[in-house]
Amino acid sequence: MKPKILITGGLGFIFSHVTEYFVAKGWDVVVIDNESAGSHPEIIDGSFKYIKMSVCDRAVMDVIRSEAPQYVIHAAAISDVDYSIREPYKTLSENIDANLNLFEACRELESLKKFLYVSTDEIYGECEHPKNETEIIFPKNPYSASKAVGSLIRYAYDNTYSELHDKTAETRFCNVFGPRQDTRKVMALIKHSLTTGEPMPVHNEGKGYREYIYVKNIPAAVDLVLEKGVRPYNITTNDGFTVLQLIERVEKVTGKKVNTYNEKRRGMDMKYQMDGSRIHKDLDWKPIYSFDDGLKEYMLGA
Ligand SMILES: NC(=O)c1ccc[n+]([C@@H]2O[C@H](COP(=O)([O-])OP(=O)(O)OC[C@H]3O[C@@H](n4cnc5c(N)ncnc54)[C@H](O)[C@@H]3O)[C@@H](O)[C@H]2O)c1
(Lines give C-alpha, C1' and ligand atoms only; values in the text may rest on other atoms or scores of the structure.)
Protein backbone atom coordinates (compact mmCIF):
# COMPACT_ATOMS: atom_id res chain seq x y z
CA MET A 1 0.00 0.00 0.00
CA LYS A 2 1.16 3.53 -0.77
CA PRO A 3 2.14 5.61 2.29
CA LYS A 4 -0.35 8.36 3.08
CA ILE A 5 0.84 11.83 4.06
CA LEU A 6 -1.29 14.75 5.24
CA ILE A 7 0.20 18.24 4.85
CA THR A 8 -1.33 21.35 6.40
CA GLY A 9 -0.40 24.52 4.52
CA GLY A 10 0.46 22.32 1.52
CA LEU A 11 -0.49 25.10 -0.92
CA GLY A 12 1.97 27.61 0.61
CA PHE A 13 5.30 28.80 -0.75
CA ILE A 14 7.54 26.09 0.77
CA PHE A 15 5.09 23.24 1.21
CA SER A 16 3.61 23.46 -2.30
CA HIS A 17 7.05 22.12 -3.35
CA VAL A 18 6.79 19.40 -0.68
CA THR A 19 3.25 18.48 -1.83
CA GLU A 20 4.50 18.10 -5.41
CA TYR A 21 7.53 16.08 -4.25
CA PHE A 22 5.42 13.46 -2.45
CA VAL A 23 2.92 13.30 -5.33
CA ALA A 24 5.87 12.65 -7.70
CA LYS A 25 7.13 9.98 -5.28
CA GLY A 26 3.83 8.15 -5.72
CA TRP A 27 2.50 8.72 -2.17
CA ASP A 28 -1.13 9.31 -1.32
CA VAL A 29 -1.15 13.05 -0.47
CA VAL A 30 -3.85 14.97 1.41
CA VAL A 31 -3.54 18.75 1.72
CA ILE A 32 -5.45 20.90 4.20
CA ASP A 33 -5.23 24.64 3.50
CA ASN A 34 -7.57 27.62 3.77
CA GLU A 35 -6.08 29.51 0.79
CA SER A 36 -5.04 32.50 2.88
CA ALA A 37 -1.85 34.59 2.49
CA GLY A 38 0.97 32.85 0.62
CA SER A 39 -1.18 30.08 -0.87
CA HIS A 40 -0.94 28.82 -4.45
CA PRO A 41 -4.27 27.19 -5.31
CA GLU A 42 -3.08 27.00 -8.93
CA ILE A 43 -1.16 23.81 -8.02
CA ILE A 44 -4.46 21.97 -7.38
CA ASP A 45 -4.64 19.54 -10.30
CA GLY A 46 -6.33 16.43 -8.98
CA SER A 47 -3.04 14.66 -8.20
CA PHE A 48 -3.66 15.02 -4.44
CA LYS A 49 -6.74 15.20 -2.23
CA TYR A 50 -7.48 18.79 -1.25
CA ILE A 51 -9.55 19.80 1.76
CA LYS A 52 -10.23 23.50 2.06
CA MET A 53 -10.58 24.37 5.74
CA SER A 54 -8.87 26.25 8.54
CA VAL A 55 -6.64 24.24 10.85
CA CYS A 56 -7.87 26.52 13.66
CA ASP A 57 -11.26 24.85 13.31
CA ARG A 58 -11.49 22.01 15.86
CA ALA A 59 -13.27 19.91 13.22
CA VAL A 60 -9.83 19.46 11.61
CA MET A 61 -9.13 16.83 14.30
CA ASP A 62 -11.99 14.62 13.01
CA VAL A 63 -10.81 15.13 9.43
CA ILE A 64 -7.28 13.97 10.33
CA ARG A 65 -8.57 10.97 12.27
CA SER A 66 -10.82 9.90 9.41
CA GLU A 67 -8.03 10.31 6.82
CA ALA A 68 -5.76 8.12 9.04
CA PRO A 69 -2.41 9.09 7.44
CA GLN A 70 0.91 7.51 8.46
CA TYR A 71 2.71 10.86 8.16
CA VAL A 72 1.49 14.33 9.15
CA ILE A 73 3.29 17.61 8.46
CA HIS A 74 1.97 20.74 10.16
CA ALA A 75 3.20 23.73 8.16
CA ALA A 76 0.06 25.92 7.97
CA ALA A 77 0.61 29.20 9.80
CA ILE A 78 0.34 32.93 9.56
CA SER A 79 3.96 33.29 8.50
CA ASP A 80 4.49 37.02 7.98
CA VAL A 81 6.48 38.76 10.74
CA ASP A 82 5.33 42.29 9.77
CA TYR A 83 1.69 41.17 9.76
CA SER A 84 2.20 39.56 13.18
CA ILE A 85 3.53 42.87 14.54
CA ARG A 86 0.38 44.63 13.28
CA GLU A 87 -1.99 41.80 14.31
CA PRO A 88 -0.42 40.03 17.32
CA TYR A 89 -3.68 38.71 18.81
CA LYS A 90 -4.84 37.09 15.56
CA THR A 91 -1.39 35.66 14.78
CA LEU A 92 -0.84 34.20 18.24
CA SER A 93 -4.36 32.87 18.71
CA GLU A 94 -4.62 31.29 15.24
CA ASN A 95 -1.14 29.77 15.12
CA ILE A 96 -1.40 28.42 18.66
CA ASP A 97 -4.95 27.01 18.16
CA ALA A 98 -3.75 25.31 15.00
CA ASN A 99 -0.74 23.81 16.79
CA LEU A 100 -2.94 22.43 19.56
CA ASN A 101 -5.46 20.95 17.13
CA LEU A 102 -2.72 19.18 15.20
CA PHE A 103 -0.90 17.79 18.25
CA GLU A 104 -4.20 16.62 19.76
CA ALA A 105 -5.30 14.94 16.52
CA CYS A 106 -1.94 13.17 16.18
CA ARG A 107 -1.94 12.04 19.81
CA GLU A 108 -4.97 9.89 19.06
CA LEU A 109 -3.94 8.73 15.60
CA GLU A 110 -3.31 4.98 15.55
CA SER A 111 -2.03 5.02 11.96
CA LEU A 112 0.70 7.57 12.81
CA LYS A 113 4.37 6.83 12.10
CA LYS A 114 5.71 10.41 12.30
CA PHE A 115 4.37 13.90 13.02
CA LEU A 116 6.54 16.73 11.78
CA TYR A 117 6.04 20.22 13.20
CA VAL A 118 7.50 22.97 11.02
CA SER A 119 9.30 25.57 13.12
CA THR A 120 11.85 28.27 12.37
CA ASP A 121 15.27 29.70 13.30
CA GLU A 122 13.39 32.76 14.61
CA ILE A 123 12.43 30.90 17.80
CA TYR A 124 16.06 31.26 19.02
CA GLY A 125 15.78 35.06 19.05
CA GLU A 126 18.98 37.12 18.69
CA CYS A 127 21.87 34.71 17.92
CA GLU A 128 25.30 35.77 19.23
CA HIS A 129 26.65 32.37 18.07
CA PRO A 130 25.28 29.54 15.87
CA LYS A 131 22.46 28.05 17.97
CA ASN A 132 22.07 24.29 18.26
CA GLU A 133 18.83 22.42 18.89
CA THR A 134 19.40 22.02 22.64
CA GLU A 135 19.73 25.74 23.34
CA ILE A 136 17.14 27.91 25.01
CA ILE A 137 14.55 29.41 22.69
CA PHE A 138 13.93 33.11 23.13
CA PRO A 139 11.43 34.40 20.54
CA LYS A 140 11.18 38.16 20.31
CA ASN A 141 8.28 38.98 18.00
CA PRO A 142 4.65 37.73 17.90
CA TYR A 143 5.23 35.44 14.89
CA SER A 144 8.24 33.69 16.41
CA ALA A 145 6.50 33.46 19.79
CA SER A 146 3.60 31.63 18.11
CA LYS A 147 6.03 29.24 16.37
CA ALA A 148 7.99 28.69 19.60
CA VAL A 149 4.78 27.64 21.37
CA GLY A 150 4.48 24.82 18.82
CA SER A 151 8.07 23.77 19.53
CA LEU A 152 7.31 23.70 23.27
CA ILE A 153 4.10 21.71 22.73
CA ARG A 154 6.14 19.23 20.68
CA TYR A 155 8.55 18.71 23.59
CA ALA A 156 5.67 18.38 26.04
CA TYR A 157 3.62 15.92 23.98
CA ASP A 158 6.58 13.74 22.95
CA ASN A 159 7.65 13.59 26.59
CA THR A 160 4.23 13.09 28.18
CA TYR A 161 2.28 10.81 25.83
CA SER A 162 3.85 7.43 25.18
CA GLU A 163 1.79 7.06 21.99
CA LEU A 164 3.77 10.02 20.56
CA HIS A 165 7.16 9.19 22.06
CA ASP A 166 9.82 9.11 19.31
CA LYS A 167 7.13 9.85 16.72
CA THR A 168 7.51 13.63 16.68
CA ALA A 169 10.05 15.57 14.68
CA GLU A 170 10.58 19.23 14.00
CA THR A 171 12.36 21.25 11.31
CA ARG A 172 13.78 24.70 12.07
CA PHE A 173 14.47 26.26 8.68
CA CYS A 174 16.61 29.30 8.10
CA ASN A 175 15.28 31.80 5.50
CA VAL A 176 13.96 29.86 2.54
CA PHE A 177 13.89 31.46 -0.93
CA GLY A 178 12.79 30.45 -4.40
CA PRO A 179 9.83 30.18 -6.77
CA ARG A 180 6.37 31.02 -5.32
CA GLN A 181 7.77 33.10 -2.47
CA ASP A 182 5.60 35.95 -1.22
CA THR A 183 6.55 39.14 -3.07
CA ARG A 184 7.15 41.03 0.20
CA LYS A 185 10.05 38.79 1.29
CA VAL A 186 13.62 39.98 0.79
CA MET A 187 14.72 37.60 -2.00
CA ALA A 188 11.48 38.15 -3.93
CA LEU A 189 11.93 41.93 -3.51
CA ILE A 190 15.49 41.69 -4.85
CA LYS A 191 14.27 39.66 -7.86
CA HIS A 192 11.51 42.21 -8.49
CA SER A 193 13.95 45.10 -8.27
CA LEU A 194 16.36 43.34 -10.67
CA THR A 195 13.62 42.81 -13.24
CA THR A 196 11.86 46.18 -13.00
CA GLY A 197 14.62 48.54 -11.80
CA GLU A 198 12.27 49.72 -9.01
CA PRO A 199 14.00 50.45 -5.66
CA MET A 200 13.32 48.02 -2.81
CA PRO A 201 13.00 48.64 0.95
CA VAL A 202 15.71 47.31 3.28
CA HIS A 203 15.00 47.07 7.01
CA ASN A 204 17.26 48.80 9.56
CA GLU A 205 19.99 49.82 7.04
CA GLY A 206 20.24 46.28 5.63
CA LYS A 207 22.25 45.12 8.65
CA GLY A 208 19.98 42.19 9.53
CA TYR A 209 21.93 38.91 9.18
CA ARG A 210 20.11 35.77 8.05
CA GLU A 211 21.05 32.38 6.63
CA TYR A 212 19.41 31.46 3.32
CA ILE A 213 18.51 28.15 1.69
CA TYR A 214 17.00 27.37 -1.72
CA VAL A 215 13.47 25.97 -1.51
CA LYS A 216 14.33 23.03 -3.78
CA ASN A 217 16.56 21.67 -1.00
CA ILE A 218 13.61 21.43 1.37
CA PRO A 219 11.44 18.50 0.13
CA ALA A 220 14.22 15.89 0.33
CA ALA A 221 15.30 17.21 3.76
CA VAL A 222 11.71 16.90 5.00
CA ASP A 223 11.48 13.37 3.55
CA LEU A 224 14.69 12.38 5.36
CA VAL A 225 13.45 13.77 8.68
CA LEU A 226 10.11 11.97 8.27
CA GLU A 227 11.83 8.69 7.51
CA LYS A 228 14.70 8.72 10.00
CA GLY A 229 14.46 11.80 12.19
CA VAL A 230 13.22 12.40 15.68
CA ARG A 231 12.99 15.66 17.63
CA PRO A 232 14.29 19.01 16.24
CA TYR A 233 16.67 19.61 13.32
CA ASN A 234 18.10 22.94 12.28
CA ILE A 235 17.95 23.13 8.49
CA THR A 236 20.71 25.39 7.22
CA THR A 237 23.73 25.25 4.93
CA ASN A 238 25.20 28.24 6.84
CA ASP A 239 25.04 30.59 3.86
CA GLY A 240 24.68 33.68 6.02
CA PHE A 241 24.67 37.35 4.93
CA THR A 242 23.48 40.76 5.95
CA VAL A 243 20.90 42.07 3.51
CA LEU A 244 23.50 44.44 2.06
CA GLN A 245 25.94 41.54 1.55
CA LEU A 246 23.15 39.49 -0.02
CA ILE A 247 22.38 42.28 -2.48
CA GLU A 248 26.10 42.51 -3.38
CA ARG A 249 26.18 38.75 -3.98
CA VAL A 250 23.10 38.91 -6.23
CA GLU A 251 24.61 41.83 -8.17
CA LYS A 252 27.78 39.78 -8.69
CA VAL A 253 25.90 36.66 -9.84
CA THR A 254 23.53 38.52 -12.19
CA GLY A 255 25.66 41.50 -13.26
CA LYS A 256 22.68 43.79 -12.54
CA LYS A 257 22.16 46.62 -10.03
CA VAL A 258 19.62 46.63 -7.16
CA ASN A 259 18.42 50.02 -5.83
CA THR A 260 17.32 50.30 -2.20
CA TYR A 261 15.78 52.65 0.36
CA ASN A 262 15.76 52.26 4.15
CA GLU A 263 12.78 51.31 6.35
CA LYS A 264 12.58 50.86 10.15
CA ARG A 265 11.19 47.60 11.53
CA ARG A 266 10.12 47.05 15.14
CA GLY A 267 10.87 43.84 17.04
CA MET A 268 13.58 42.83 14.60
CA ASP A 269 16.36 40.47 15.66
CA MET A 270 19.61 41.48 13.95
CA LYS A 271 21.06 37.99 13.59
CA TYR A 272 19.80 34.44 13.17
CA GLN A 273 22.48 31.80 12.88
CA MET A 274 22.17 28.05 13.48
CA ASP A 275 24.47 25.10 13.97
CA GLY A 276 23.29 22.69 11.26
CA SER A 277 25.52 19.75 12.19
CA ARG A 278 22.85 17.48 13.72
CA ILE A 279 21.01 16.71 10.46
CA HIS A 280 24.32 16.38 8.57
CA LYS A 281 25.88 14.01 11.13
CA ASP A 282 22.89 11.99 12.36
CA LEU A 283 20.92 11.72 9.11
CA ASP A 284 23.72 12.22 6.55
CA TRP A 285 21.79 15.06 4.87
CA LYS A 286 23.28 16.29 1.61
CA PRO A 287 21.64 19.38 0.13
CA ILE A 288 21.04 19.14 -3.63
CA TYR A 289 21.62 22.82 -4.52
CA SER A 290 24.51 25.02 -3.40
CA PHE A 291 23.49 28.53 -2.38
CA ASP A 292 24.92 30.09 -5.56
CA ASP A 293 23.24 27.52 -7.84
CA GLY A 294 19.90 28.18 -6.16
CA LEU A 295 20.46 31.92 -6.35
CA LYS A 296 21.28 31.78 -10.08
CA GLU A 297 18.31 29.55 -10.89
CA TYR A 298 15.91 31.79 -8.94
CA MET A 299 17.24 35.20 -9.94
CA LEU A 300 17.86 34.42 -13.61
CA GLY A 301 14.89 32.04 -14.09
CA ALA A 302 11.59 33.10 -15.62
N1 LIG B 1 9.55 31.10 4.57
C2 LIG B 1 10.56 30.83 5.39
O3 LIG B 1 11.69 31.25 5.14
C4 LIG B 1 10.35 29.98 6.62
C5 LIG B 1 11.45 29.76 7.48
C6 LIG B 1 11.27 28.95 8.61
C7 LIG B 1 10.04 28.36 8.86
N8 LIG B 1 8.97 28.61 8.03
C9 LIG B 1 7.69 27.95 8.34
O10 LIG B 1 7.35 27.12 7.23
C11 LIG B 1 5.93 27.09 7.06
C12 LIG B 1 5.58 27.52 5.66
O13 LIG B 1 6.10 28.84 5.42
P14 LIG B 1 5.84 29.60 4.05
O15 LIG B 1 6.81 30.73 3.98
O16 LIG B 1 5.80 28.62 2.93
O17 LIG B 1 4.40 30.19 4.35
P18 LIG B 1 3.24 30.68 3.38
O19 LIG B 1 2.61 31.84 4.08
O20 LIG B 1 3.71 30.83 1.99
O21 LIG B 1 2.22 29.44 3.40
C22 LIG B 1 1.39 29.17 4.49
C23 LIG B 1 0.24 28.30 3.99
O24 LIG B 1 -0.55 27.97 5.12
C25 LIG B 1 -1.91 28.24 4.82
N26 LIG B 1 -2.60 28.59 6.06
C27 LIG B 1 -2.34 29.66 6.87
N28 LIG B 1 -3.19 29.65 7.90
C29 LIG B 1 -3.99 28.57 7.75
C30 LIG B 1 -5.08 28.02 8.47
N31 LIG B 1 -5.54 28.60 9.61
N32 LIG B 1 -5.67 26.90 8.02
C33 LIG B 1 -5.24 26.29 6.89
N34 LIG B 1 -4.23 26.76 6.15
C35 LIG B 1 -3.60 27.89 6.57
C36 LIG B 1 -1.89 29.37 3.79
O37 LIG B 1 -3.08 29.40 3.02
C38 LIG B 1 -0.66 29.01 2.98
O39 LIG B 1 -0.98 28.13 1.92
C40 LIG B 1 5.36 27.99 8.15
O41 LIG B 1 4.98 27.18 9.24
C42 LIG B 1 6.52 28.90 8.54
O43 LIG B 1 6.40 29.33 9.87
C44 LIG B 1 9.11 29.40 6.92
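Because the structure is predicted, anything quoted here is derived from the model rather than measured. (Residues numbered from 1 in each chain as written. Predicted model: local features only at pLDDT ≥ 70, side-chain atom pairs only at ≥ 80, totals over all residues.)

### Some thoughts on the domain arrangement of the chain
Turning to step 1, where the next piece is worked out: For the chain, the domain assignment lists domain 1 (4-175 + 213-235) and domain 2 (177-210 + 239-273 + 289-300).
Turning to step 2, where the next piece is worked out: Between domain 1 and domain 2, the C-alpha centre-to-centre distance is 25 Å.
Turning to step 3, where the next piece is worked out: With 21 residues of domain 1 at the contact, the number on the domain 2 side is 18 residues.
Turning to step 4, where the next piece is worked out: Residues belonging to the side of domain 1 that touches domain 2 are distributed by class as follows: eight nonpolar, seven polar and six charged. (Domains from an automatic or database assignment. Contact = placed C-beta atoms within 7 Å. Nonpolar A, V, L, I, M, F, W, Y, C, P; charged D, E, K, R; others polar.)

### Thoughts on the pairing of strand β5 (residues 114-120)
Turning to step 1, where the next piece is worked out: Among the seven residues in β5, seven count as buried, and that is most of the element.
Turning to step 2, where the next piece is worked out: Side chains of β5 alternate between two faces, with K114, L116, V118 and T120 and F115, Y117 and S119 buried alike.
Turning to step 3, where the next piece is worked out: With four bridges joining them, strand β4 (residues 71-74) and β5 adopt parallel strand pairing. By the bridge assignment for β5, H74 is matched with Y117. (Buried ≥ 20, exposed ≤ 12 C-beta atoms within 10 Å, placed from the backbone. Helix = DSSP H or I, 4+ residues; strand = E, 2+ residues; numbered from the N terminus. Pairing = 2+ DSSP bridges.)

### Structural notes on the site of the ligand
Turning to step 1, where the next piece is worked out: In the vicinity of the ligand there are 31 residues, among which G9, G12, F13, G38 and S39 approach most closely.
Turning to step 2, where the next piece is worked out: Listing elements by their share of the shell around the ligand, those giving two or more residues are α1 (13-24), α4 (88-107), β5 and β7 (175-177).
Turning to step 3, where the next piece is worked out: The element best represented in the shell around the ligand is α1, accounting for three residues.
Turning to step 4, where the next piece is worked out: Grouping the constituent residues of the shell around the ligand by class yields 15 nonpolar, eleven polar and five charged. (Near = placed C-beta within 6 Å.)

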